[in-house]
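Commentary on secondary and tertiary structure
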Amino acid sequence: MSEVVKLAVTDRCAVVTIDSPPVNALSAAVRRGILERVEAANVDAAVDCIVIACAGRTFVAGADITEFGKPPQSPSLNEVIAAIESCGKLVIAAIHGTALGGGLELALGCHFRVATNDAKLGLPEVKLGLLPGAGGTQRLPRAVGPEFAVKMIVTGEPIGAAEARERGLIDDIVERPADGAIAFAKRVVAERRPLLLLRNDDSRLADARADRSLFTAAAAAATKKARGMNAPLACAEAVSWTLDTPFDDALKRERETFLKLVVDDQSKAQRHAFFAEREAVKVQGVPVGVKPRPVERVAIIGAGTMGGGIAMAFANAGIPVTLIETGEAQLTRGLGMMQKNWEATAARGGIAADEPGRRMVLIDGKVGLEHIRDADLVIEAVFETMAIKKDVFTAIDAHAKPGAVLATNTSYLDINEIAAVTRRPQDVLGMHFFSPANIMKLCEIVRADKTAADALLTAAAVAKRIRKTPVVVGVCHGFVGNRMLAVRGLQGEALLKSGALPEQVDAVITRYGLPMGPFAMGDLAGLDIGWRSRQDRGIRWDIADAICEAGRLGQKASKGYYRYEAGSRAPISDPEVEKIIDDTCRRLGLTRRAIDDQEILERMIYPMINEGARILEEDIAARPSDIDVIWLYGYGWPIHRGGPMFYADQVGLKHIVGRLEFYADHLNEPALRPAALLARLASEGATFASLNAAKSDR
């Protein structure tokens, strides 16, 4: 019998304990072990009931997704659950930590479920582009009702033990899972409660079967944000089978749908994102044994949009911060904006009504840089101007204690130049948060030339503490994300000169899956920001600058690439913009032409991929998958596309190289010539995925 699953008999109750760290995933060995132990307990005359529990920090937290795409190994989870259901004895799942995916499906196959108060239960397969493949779409609706089940399965979000008991997903909350389950089993036996399996209990389906609109409304609400994704719709359809399809037939259809989704490009992309995020936290180039520095106190300089958002991120994680400004008015304004944001979230039901007050207590507002003196980590978030950054870091150097990590939130600037004004460049690095910083998941950790290894690990560890995904990058203008974004911006400008209009370009990009097109995004951020940056660097973008020179600075001016009605953020096409574009092109002697959507997509996406290859050549990013993580969590790249480098592999590197060569020739744009790395991989028939594997093996 398998060693990862153990069996012990206590007071005529067989406790089957899964012990497969770190998360007791349902590998083939675990599945086989459960089946063997349950069968052994079932034929043991000294056993009256069976408890399925887990050792370690959690119940079964899901399937072993490394098995996806490989030949199936027996027994399947469906076979294990069938054995539990056909067992002639009472079976109880004893849950602690998390019961997710296959773990919850395993528990749903038992007669009863108990859980500790802090347990979380859910079916998150949709986040990997899948649906539950072992009866979850059929048993969960029979436990909690199809209306709530479709919400749980389509969103993939878990619920806590208290709500699970209220909804009928668990039968009791216990202090110690195995002991609590044994005590519960004795009560069941003493009370002679019937042993009813969920597969045979349709009572929670009655209302939706009588009035199907109850389910269709819930399914529509749950899938509202699916935006071209296959799995959420498949999940909703599978739950609907509980209303009109016999249980065993529905199980067969569920499995067929799972097998169809697992080979779908969208699921491959989402599984790539899952592993890429976990790979990104592995910082390369750090000697073995180096540990992060302790961080107990954090100071943030600047209470504006970025500084305030960063402070909110710390407070959201329960970490107190000192927020520093140069004057009382600026500090009061910043604190007021944070309070307003939290109150708005509470009003929408996003946090409890008393949370704004609790979180504001964690923000200690101060005037004057001398208040950073006790901080273990100082994060600067002031204006994006090198002269100002240098002045601030000179002052930080004078006031910060020895060993403090000094981080700049710069989006573009040379951190080596900033570090050079201090006497401790080894402590200086970048922590580039993305706006709004209290919401966006990404934090680019920028390693400067002299950044110490322990300082780098400290920044990454702190980012994880505040629930960010840290990705370590090198120093260059714009680092990874904004450097690639600048290339896309150039192509957007070039497309307008070629004949496209802002609304056409934005429509192509949003249909691809990004939340906003580049021109609507520019209007939202404010066009004057990029305009001022170009002026500082002596760069001119003819159309973009003409738009700004016409006073069209974006939403704040009620007009940019679009016009905006008073009080509205909805972009409206404006003939005046088309006239500015036409007049500019006429002045430059350019002839515009009709452009199809495929050309727009290629010219917006392929140059970004090309720039990503250059970034890899220069070792600015450690892996292609790191670039994907940056775009997924910092810029809203659609998860079902996997990121720009993953998408490149799906399209084919040879095809991308050919199209880049075509556009370089026909548009007379040498910058579109394929990067050496991209050309080499294409010629070798290799992929960015193969490069990921090679770098991971180092």
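Shown above is the structure to which this text applies.
My aim in this report is to walk through the structure given alongside it, one point at a time. (Residues numbered from 1 in each chain as written. Predicted model: local features only at pLDDT ≥ 70, side-chain atom pairs only at ≥ 80, totals over all residues. Heavy atoms only, no water.)

1. What to know about the overall build of the chain
Defined as follows: A helix here means a DSSP run of H or I that spans at least four residues, while a strand means a run of E at least two residues long, and both kinds are numbered starting from the N terminus. Only C-alpha atoms enter the radius of gyration, while the globule expectation follows 2.2 Å times N to the 0.38, with N the number of residues. With a 1.4 Å probe rolled over the protein chains alone, any residue whose accessible area is under 20% of its type maximum counts as buried; one over 50% counts as exposed, and the rest are partly exposed. We call two residues in contact when some of their heavy atoms are within 4.5 Å. His residues and chain termini do not enter the charge count, which takes Lys and Arg as positive and Asp and Glu as negative. Where a charge sits is defined by one atom per residue type, namely NZ (Lys), CZ (Arg), CG (Asp) or CD (Glu).
Summing up its helical and strand segments, the chain has 30 helices and 17 strands in all. In terms of overall dimensions, the chain is globule-like: its C-alpha atoms have a radius of gyration of 28 Å, near the 26 Å expected for 698 residues. Taken across its 698 residues, the chain has 54% of its residues classed as buried. When contacts within the chain are restricted to residue pairs at least 6 apart in sequence, long-range pairs at least 24 apart make up 72% of them. Both charge centroids of the chain, one from 86 positive and one from 88 negative side chains, sit 1 Å from each other.

2. A closer look at the packing of aromatic side chains
Inclusion rule: The rule is short: rings of Phe, Tyr and Trp, with Trp giving its six-membered ring, pair when the centres are within 6.5 Å, and they are stacked under 30 degrees, edge-to-face over 60, tilted in between. Here, over-ring charges are defined by two tests on the NZ atom of lysine or the CZ atom of arginine: distance to the ring centre within 6 Å, and angle to the ring normal within 35 degrees.
Overall, the coordinates contain 9 aromatic pairs when judged by the stated rule. Ring geometry for Phe 112 against Phe 184: centres 5.4 Å apart, planes inclined by 65°, an arrangement best described as edge-to-face. Residue Phe 112 is located in strand 6 (residues 112–116), and its partner Phe 184 is located in helix 7 (residues 177–191); the two are separated by 72 residues in the primary sequence. Exposure remark for Phe 184: the relative accessible area of 2% places this residue in the buried category. With a centroid separation of 5.3 Å and 85° between ring planes, the pair formed by Phe 274 and Phe 275 is classed as edge-to-face. Grouping aromatic residues by their ring pairs yields a cluster made of Phe 434, Tyr 512, Trp 631, Tyr 635, Trp 637 and Tyr 647. Taking NZ or CZ as reference, Arg 641 lies 4.3 Å from the ring centre of Tyr 512, over its face.

3. Thoughts on the sheet that holds strand 5 (residues 98–100)
Just so we agree on the cut-off: At least two bridges found by DSSP between two strands are what make those strands a pair.
Spatially, the 3 strands line up as an open sheet ordered 5-7-8, and their pairing is mixed. With one partner strand each, in any of the chains shown, strand 5 and strand 8 (159–160) form the two edges of the open sheet. Where strand 5 lies against strand 7 (residues 120–122), 3 bridges are found, and the strand directions are parallel. When the sheet's bridge partners are listed, Thr 98 is paired in strand 7 with Lys 120.

4. Points about the nonpolar core
In plain terms, the rule: We call a set of buried residues a nonpolar core when its members are Ala, Val, Leu, Ile, Met, Phe, Trp, Tyr or Cys and they connect through side-chain atoms within 4.5 Å of each other.
Core analysis: the biggest nonpolar cluster contains 93 residues, and Ile 396, Val 480, Ile 609, Ile 627, Trp 631, Leu 678 and Phe 688 have the highest contact counts within it. No other element matches the 10 residues that helix 25 (residues 597–617) contributes to this core. Excluding anything up to four places from it in sequence, Ile 396 contacts Ile 301, Ile 372, Val 378, Glu 380, Leu 406 and Arg 424. By size, the runner-up hydrophobic cluster in this structure holds 73 residues, among which are Ile 18, Leu 35, Ala 99 and Ala 231.

5. Focus on helix 29 (residues 676–684)
For clarity, the threshold we go by: For this quantity, the arc is that covered by the directions from the helix axis to the C-beta atoms.
Where helix 29 is concerned, the buried positions are Leu 677, Leu 678, Leu 681 and Ala 682. Buried positions in helix 29, seen along its axis, are confined to an arc of 130° and lie on one side of it. Opposite the packed face of helix 29, turned more than 90 degrees from it, sit the exposed residues Ala 676, Ser 683 and Glu 684. At the C-terminal side of helix 29, Gly 685 shows a positive phi close to 70°.

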